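As a plain string of letters, each chain reads:
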Amino acid sequence: MSEHLSDTARKTTLTPLLENGWSLDETRDAICKEFRFGDFIEAFGFMTRAAIWAEKWNHHPEWFNVYNKVQVTLTTHDVGGLSALDVKLARKMDGLAG
Ligand SMILES: C[C@H](O)[C@H](O)[C@H]1CNC2=NC(N)=NC(=O)C2=N1
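The model shown is predicted, which means the values in this text are computed figures rather than measured ones.

Points about the packing of aromatic side chains
Now for step 1: Counting across every chain of the model gives 6 aromatic pairs.
Now for step 2: Measuring from ring centre to ring centre gives 5.9 Å for tryptophan 22 and phenylalanine 35, while their planes differ by 80°; the resulting arrangement is edge-to-face. Of this pair, tryptophan 22 sits in the loop between α1 (7-18) and β1 (23-25) while phenylalanine 35 sits in strand β2 (residues 30-36); the two residues are 13 residues apart in sequence, bridging distant segments of the chain. The burial state of tryptophan 22 is the same as that of phenylalanine 35; both residues are buried.
Now for step 3: Put simply, the rings of Trp22, Phe35, Phe37 and Phe46 pair up and form one aromatic cluster.
Now for step 4: Note that lysine 88 overlies the ring of tryptophan 57, its terminal NZ or CZ placed 4.4 Å from the centroid.

Focus on the pattern of salt bridges
Now for step 1: With the rule as written, the count across this model stands at 4 salt bridges.
Now for step 2: Among the ionic pairs, aspartate 29 bridges to arginine 10, the shortest N-O distance being 3.0 Å. Here aspartate 29 is found in the loop between β1 and β2, whereas its partner arginine 10 is found in helix α1, with 19 residues between them in sequence. Here aspartate 29 and arginine 10 have matching classes, each one buried.
Now for step 3: Linking arginine 28 and glutamate 62 is a salt bridge whose minimum nitrogen-to-oxygen distance equals 2.8 Å. Separated by 34 residues along the polypeptide, arginine 28 in the loop between β1 and β2 and glutamate 62 in strand β3 (residues 62-66) bring together distant segments of the chain.
Now for step 4: The class for glutamate 62 is partly exposed, based on a relative accessible area of 26%.

Some thoughts on the nonpolar core
Now for step 1: One finds Trp22, Ile31, Leu74 and Met93 to be the most contacted residues of the largest nonpolar core, which totals 21 residues.
Now for step 2: For this core, the secondary structure elements donating two or more residues are α1, β2, α2 (40-56), β4 (69-74) and α3 (84-97).

Remarks on the side chain of serine 83
Now for step 1: Mapped onto the elements of the fold, serine 83 is located in the loop between β4 and α3.
Now for step 2: Ignoring any residue separated from it by four or fewer positions in sequence, one finds serine 83 in contact with Ser2, Glu3, Leu5 and Thr76.

Things to note about the site of the ligand
Now for step 1: Near the ligand you find Asn58, His59, His60, Thr75, Thr76, His77 and Asp78, and these make up its full shell.
Now for step 2: A distance of 2.8 Å separates a nitrogen atom of the ligand from a polar atom in the side chain of histidine 60.
Now for step 3: A total of 390 Å² of accessible area belongs to the ligand in isolation, and the protein chains cover 66% of it.
Now for step 4: The class makeup of the residues in the shell around the ligand is no nonpolar, 6 polar and 1 charged.

Here we look at the environment of aspartate 25
Now for step 1: By the element assignment, aspartate 25 lies in strand β1.
Now for step 2: When the C-alpha positions of aspartate 25 and threonine 73 are compared, they lie 8.9 Å apart, and in sequence the two are 48 residues distant.
Now for step 3: Excluding anything up to four places from it in sequence, aspartate 25 contacts Ala30 and Cys32.
Now for step 4: Within polar-contact distance, the side chain of aspartate 25 engages the side chain of threonine 27 at 2.5 Å.

About the criteria used
- Residues numbered from 1 in each chain as written.
- Predicted model: local features only at pLDDT ≥ 70, side-chain atom pairs only at ≥ 80, totals over all residues.
- Heavy atoms only, no water.
- Phe/Tyr/Trp six-rings, centres within 6.5 Å; stacked < 30°, edge-to-face > 60°.
- Helix = DSSP H or I, 4+ residues; strand = E, 2+ residues; numbered from the N terminus.
- Buried < 20%, exposed > 50% of the residue type's maximum accessible area, 1.4 Å probe, protein only.
- Lys NZ or Arg CZ within 6 Å of the ring centre and 35° of its normal.
- Salt bridge = Lys/Arg side-chain N within 4 Å of Asp/Glu carboxyl O.
- Core = buried A, V, L, I, M, F, W, Y, C linked by side-chain atoms within 4.5 Å.
- Contact = heavy atoms within 4.5 Å.
- Near = heavy atom within 4 Å.
- Polar contact = N/O pair within 3.5 Å; in protein donor to acceptor, adjacent residues only side chain to side chain.
- Areas by Shrake-Rupley, 256 points an atom, 1.4 Å probe, with all protein chains shown as cover.
- Nonpolar A, V, L, I, M, F, W, Y, C, P; charged D, E, K, R; others polar.

What follows is the structure in structure tokens.
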């Protein structure tokens, strides 16, 4: 079971993500990012790869896709806010998106 991200962890692990296109939704303690790809197949390929990691880690994104755009929201429902799992999945998604 994950834990709510500590203030220290927020400074060290969240800051680089916020500098890399993620933004904080403070109303629900979530991080969000919009990824854009060349076309639908690239966007869906990204979603498919991310889905396999999400399933492996039992940590599932909220996301919305139209054509080449994927809007992602990450938060941990079990703790009612951000946990280390959100940071881990956000980093993985950045890596997969290239
Ligand atoms: C029962 C199941 O393990 C939980 O609901 C898992 C599944 N995937 C999840 N995904 C996310 N993003 N947050 C969770 O708290 C979460 N919990």
